[in-house]
Amino acid sequence: MRGALRAAACLLALAVGQPVPVATARVDGVDGVVAQRRAAPVHAITVGGQGVALSPAFTPGTSRYAIGTTEATQGAVTVRATTSDRRGRVRVNGRVATGPVRVTGLAPGDEISVLVDDAGGAAAYSLVYLPAGFPRLAAVVDRPGAGDGEVLPDAR
């Protein structure tokens, strides 16, 4: 009986052009409602300013980044951090960020904190302000089994 009522409710919703928000399934002989899975919120961080570059390129699985600078940067960068979750909250250095945040007075080694709290949970990112002209570190590891970010030579 419940299955028939649910089917009728779905047909009525479709007839009036409304989306049907649930899926049904039969598990161990019992009708049940299956929660729809939603994609995890997407985070993004970019930095801007005179001669500024974020390294490595932002990926949510990496929590610490370097901000490359030039003399023209003069201790100031603009951080734009976002989440695709409309109800999520982003903080840059403790302040709620609803758009780009200009951070000034930075000295080499200072860190900018980016905290994201959304439906995917809490995530923390750190952006380290490097001295002007600090070399960008890169290494190519060309051997079987080498992982991303592996920079030390194999001791074998």
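This text goes with the structure placed above it.
The structure reproduced in this document is the subject of the present report. The model shown is predicted, which means the values in this text are computed figures rather than measured ones. (Residues numbered from 1 in each chain as written. Predicted model: local features only at pLDDT ≥ 70, side-chain atom pairs only at ≥ 80, totals over all residues. Heavy atoms only, no water.)

Secondary structure summary: the protein chain contains 1 helix and 11 strands in total. Starting at the N terminus and ending at the C terminus, the protein chain contains elements arranged as α-β-β-β-β-β-β-β-β-β-β-β. A total of about 11000 Å² of accessible surface is found on the protein chain, and carbon and sulfur atoms cover 55% of it. (Helix = DSSP H or I, 4+ residues; strand = E, 2+ residues; numbered from the N terminus. Areas by Shrake-Rupley, 256 points an atom, 1.4 Å probe, with all protein chains shown as cover.)

A separate point is the nonpolar core. The biggest cluster of nonpolar side chains holds 23 residues, and the ones touching the most others in it are Ile 45, Val 77, Val 79, Ile 112, Val 114 and Leu 127. When contributions to this core are tallied by element, the ones reaching two or more residues are strand S3 (43-48), strand S5 (64-69), strand S6 (77-83), strand S7 (89-92), strand S9 (101-103), strand S10 (111-118) and strand S11 (121-132). Of all the elements, S11 adds the most residues to this core, at 4 residues. Setting aside residues no more than four positions away along its own chain, Ile 45 makes contact with Leu 54, Phe 58, Val 79, Arg 80, Ala 81, Val 114, Tyr 125 and Leu 127. (Core = buried A, V, L, I, M, F, W, Y, C linked by side-chain atoms within 4.5 Å. Buried < 20%, exposed > 50% of the residue type's maximum accessible area, 1.4 Å probe, protein only. Contact = heavy atoms within 4.5 Å.)

With that settled, the discussion passes to the pattern of salt bridges. Within this structure, the stated rule accounts for 1 salt bridge. Across the pair Arg 64 and Glu 111 runs a salt bridge whose closest N-O atoms are separated by 3.2 Å. Of this pair, Arg 64 sits in strand S5 while Glu 111 is found in strand S10, placing the two residues 47 residues apart along the sequence. Given a relative accessible area of 49%, Arg 64 falls into the partly exposed group. The exposure class of Glu 111 is partly exposed, given its relative accessible area of 42%. (Salt bridge = Lys/Arg side-chain N within 4 Å of Asp/Glu carboxyl O.)

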